[in-house]
Amino acid sequence: MNVAKAYFIILMVLTSTLSAPAIAGEAAPAIEVFTDSTFQVVSASDNTTVYVMDRINQLLQVLSEDLPSDPENAKQLVLARFQRMDAQLSSELENAAKGLVQAMQYGINRYPAIVINGNAVVYGVTDVSAATQLYQRWQTRGARQ
């Protein structure tokens, strides 16, 4: 998808009210990036949460690698592998699971997607700065109407 096309695909997730346009000195908007391992997120900051949506599938592939054909033995081996997961892998799995829940709540139906302040989605980009600028322009236009 070309960038120009992606920029105009802004979907407003229904909320009861719109946030006011960002004003200098206000807190930075809350940003959630929904992506997979094929995309690189650009210009993320401290207020950005990145969900790597395909991480669960990657983990399942690792856990199911070279499993024995006997179901009971396979089950025991997978359980042993789960128990050996380190803190980083466990954190990545938790992030992906939370991302799936958030994506369902927002109605995200494709990646990449950037959700800003929980009320607007920019599809097709992974540049947080560009998505935030689009959001701010959209908010400015809405405030003038």
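Provided above is the structure to which this section pertains.
Description of the structure in this document. On a predicted model such as this, the values are computed, not experimentally measured, just so you know.

**A short note on the overall build of the protein**
Inference 1: If you tally the helices and strands in the protein, you get five helices and five strands.
Inference 2: Ordering the α and β elements of the protein from the N terminus gives α-β-β-β-α-α-α-β-β-α.
Inference 3: Taken across its 145 residues, the protein has 30% of its residues classed as buried.
Inference 4: Long-range pairs, those at least 24 residues apart, make up 55% of the contacts in the protein with a sequence separation of at least 6.

**A closer look at the side chain of Asp 36**
Inference 1: Looking at the element boundaries, Asp 36 is found in the loop between β2 (31–35) and β3 (48–52).
Inference 2: The side chain of Asp 36 sits in the buried core without any salt bridge; Arg 55 is the nearest counter-charge, 12 Å away.
Inference 3: In terms of polar contacts, Asp 36 uses its side chain to reach the side chain of Thr 38, at 2.5 Å.
Inference 4: Residues in contact with Asp 36, not counting those within four places in the same chain, are Val 52, Met 53 and Asp 54.

**Focus on the nonpolar core**
Inference 1: Counting eleven residues, the largest nonpolar core is built from Ile 31, Val 33, Ile 114, Ile 116, Ala 120, Val 122, Val 125, Val 128, Ala 131, Leu 134 and Tyr 135.
Inference 2: When contributions to this core are tallied by element, the ones reaching two or more residues are β2, β4 (113–116), β5 (120–123) and α5 (128–144).
Inference 3: Apart from the residues within four sequence positions on either side, Ile 116 is in contact with Pro 29, Ala 30, Ile 31, Val 122, Ala 131, Thr 132 and Tyr 135.
Inference 4: Core analysis: the second largest hydrophobic core is formed by ten residues, Phe 34, Met 53, Tyr 106 and Val 115 among them.

**Quick look at the environment of Asp 127**
Inference 1: Summarising the element assignment, Asp 127 is placed in the loop between β5 and α5.
Inference 2: Note: C-alpha distance between Asp 127 and Gln 40 (87 residues apart in sequence) is 8.6 Å.
Inference 3: Ignoring sequence-local partners within four residues, the contact set of Asp 127 consists of Val 42, Ser 43 and Ile 114.
Inference 4: At 2.8 Å, the side chain of Asp 127 and the side chain of Ser 43 are in polar contact.

**A closer look at the packing of aromatic side chains**
What characterises a pair of aromatic rings is the spacing of the ring centres plus the angle enclosed by the ring planes.
Inference 1: All told, the structure shown has three aromatic pairs when counted by the stated rule.
Inference 2: Taking 5.1 Å as the distance between ring centres and 35° as the angle between the ring planes, the aromatic pair formed by Phe 34 and Tyr 51 counts as tilted. In this pair, Phe 34 sits in strand β2 while Tyr 51 sits in strand β3, placing the two residues 17 residues apart along the sequence. Pair check on accessibility: Phe 34 and Tyr 51 agree, each one buried.
Inference 3: On the numbers, 5.8 Å between centres and 40° between planes, the contact of Tyr 135 with Trp 138 is tilted. Within this pair, Tyr 135 and its partner Trp 138 are both found in helix α5, separated by three residues, close to a single helical turn.
Inference 4: Of the aromatic side chains, those joined through ring pairs into one cluster are Phe 34, Tyr 51 and Tyr 106.
Inference 5: It is Arg 110 that lies over the ring of Tyr 123; its NZ or CZ is 3.9 Å from the centre.

Reading the values: the criteria
Residues numbered from 1 in each chain as written. Predicted model: local features only at pLDDT ≥ 70, side-chain atom pairs only at ≥ 80, totals over all residues. Heavy atoms only, no water. Helix = DSSP H or I, 4+ residues; strand = E, 2+ residues; numbered from the N terminus. Buried < 20%, exposed > 50% of the residue type's maximum accessible area, 1.4 Å probe, protein only. Contact = heavy atoms within 4.5 Å. Lys, Arg positive; Asp, Glu negative; His and termini not counted. Salt bridge = Lys/Arg side-chain N within 4 Å of Asp/Glu carboxyl O. Polar contact = N/O pair within 3.5 Å; in protein donor to acceptor, adjacent residues only side chain to side chain. Core = buried A, V, L, I, M, F, W, Y, C linked by side-chain atoms within 4.5 Å. Phe/Tyr/Trp six-rings, centres within 6.5 Å; stacked < 30°, edge-to-face > 60°. Lys NZ or Arg CZ within 6 Å of the ring centre and 35° of its normal.

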